[in-house]
Amino acid sequence: MKKGIVLLTVVLTYALLVFGSAVAAYGACLGCPDWPLCYGSLLPPEQLGAQLEYIHRALAAITALFIFGTTFITHRDFKGLFLSKVGYLLSAFVIAQILIGGLTVILKMPFWVSMSHAFFGLSTFVLAVFVMKKFGDENFSIRIKSIPFWIFTLLFMQVLLGTAVRKANAGFSCGQDIFLCLGMPLNGDVLLQISHRIFGYFILLVSLLGLFDSSNRRVNVALFILIILIIAFGMLSVYSLLSPTMVSMHYALTLLAIGISFWASVK
């Protein structure tokens, strides 16, 4: 039962972040222009943007309840131990995430608030994965020299860079050129998009090196395949003129790779 709650916490956090990505891809982040209500009401109007944002908020509330439940479990069963401290941090992060989400709406999505929202969202997911991995086991170490750890670190940074690309409206700054923006005039948006792509190719190279590491072969092979799929869906996102489906799949696969690589990094 307890492990089931922790597992549901991870699944719900993952679903919340992916759905949030879909809301952003549909341009519905301000579908409800006020917070915590939606157009001054408990229920949204019959508008797609408002309904998507409302579902996102409802999913966030459900996820928060499970996170608080996980914190209660770690507090009761591992009081004074490291896992209980991670549980407290998990709740602190989700509270911060909710408040920052409110500020995103109230302040009309300023850059620093959106970046903070992305950071705390990813961090909450990583902490939930950690609690699930080490539930009942206080002995742990982080394999900082392993390929999965480097992939995790790079992907975490790549998501933040991708958030910056989205906030700068630079997602289509290279047109339908799916590789390196060849022939495009260099400006801030193009350079940001190029940086995002080159960073992605660098992550692919690191994952390729993992294929020669026999200590984590299955995980490294899975991560290599995931990185290829992430890049492929990134290209499809551009080719499809930033289709919400393709953008959401790109993010969902990236988040899955972050979870798997972090899981493999924790011993």
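Scroll up to find the structure.
Caption draft 1: Highlighting empty space enclosed by the protein. For the structure on display, the rule yields 2 cavities of 30 Å³ or more. Roughly 60 Å³ of volume is contained in the largest cavity. Around the largest cavity, the lining residues are Thr13, Leu16, Leu17, Thr63, Ile67, Val94, Gln97, Gly121 and Thr124. Every element with two or more residues in the lining of the largest cavity is listed here: helix 1 (2-25), helix 2 (48-77), helix 3 (82-106) and helix 4 (111-133). If you tally residues by element for the lining of the largest cavity, the top one is helix 1, at 3 residues. A volume near 30 Å³ is recorded for the second largest cavity. Along its surface, the second largest cavity is lined by Phe82, Leu83, Phe130, Lys134, Asp137, Glu138 and Phe140. In the lining of the second largest cavity, the residues fall into 4 nonpolar, no polar and 3 charged.

Caption draft 2: Structural view of a nonpolar patch on the surface. A cluster of nonpolar side chains, namely Trp35, Leu65, Phe68, Ile95, Ile98, Leu99, Leu103, Ile106, Leu107, Phe111 and Trp112, defines an oily patch on the protein surface of about 1100 Å² accessible area. Where the nonpolar patch is concerned, the elements lending two or more residues are helix 2, helix 3 and helix 4. Ranked by residues supplied to the nonpolar patch, first place goes to helix 3 with 5 residues. Inspection of the secondary structure assignment puts isoleucine 98 in helix 3.

Caption draft 3: Quick look at the state of the cysteines. All told, the structure shown has 1 disulfide when counted by the stated rule. Across a sulfur-sulfur distance of 2.0 Å, cysteine 32 and cysteine 38 are joined as a disulfide pair. In this structure, the disulfide formed by cysteine 32 and cysteine 38 twists by about -80 degrees around the S-S bond and is classed as left-handed. For the pair cysteine 32 and cysteine 38, a shared accessibility class is recorded, and that class is buried. Here cysteine 29 stays unpaired: no disulfide links it, and the sulfur of cysteine 32, its closest cysteine neighbor, is 11 Å away. Look at cysteine 29 and you get buried, because its relative accessible area is 18%.

Caption draft 4: Quick look at the pattern of salt bridges. A complete count under the given rule lists 3 salt bridges for this structure. The salt bridge partner of glutamate 53 is arginine 57, with a shortest N-O separation of 3.2 Å. With glutamate 53 and arginine 57 both in helix 2 and 4 residues apart, the pair spans about one turn of that helix. When sorted by exposure, glutamate 53 lands in the same class as arginine 57, which is buried. Ionic contacts of the salt-bridge type, sharing partners, join the residues Lys2, Arg76 and Asp77 into one network.

About the cut-offs
Residues numbered from 1 in each chain as written. Predicted model: local features only at pLDDT ≥ 70, side-chain atom pairs only at ≥ 80, totals over all residues. Heavy atoms only, no water. 1 Å grid on protein atoms, 1.4 Å probe; cavity = no way out; pocket = protein on both sides within 12 Å on 5 of 7 lines; lining within 4 Å. Points joined across faces, edges and corners; volume = space filled by probe spheres on them. Helix = DSSP H or I, 4+ residues; strand = E, 2+ residues; numbered from the N terminus. Nonpolar A, V, L, I, M, F, W, Y, C, P; charged D, E, K, R; others polar. Patch = residues over 30% accessible without salt bridge, like charges linked within 9 Å, V, L, I, M, F, W, Y side chains within 5 Å. Areas by Shrake-Rupley, 256 points an atom, 1.4 Å probe, with all protein chains shown as cover. Salt bridge = Lys/Arg side-chain N within 4 Å of Asp/Glu carboxyl O. Disulfide = S-S within 2.5 Å. Buried < 20%, exposed > 50% of the residue type's maximum accessible area, 1.4 Å probe, protein only.

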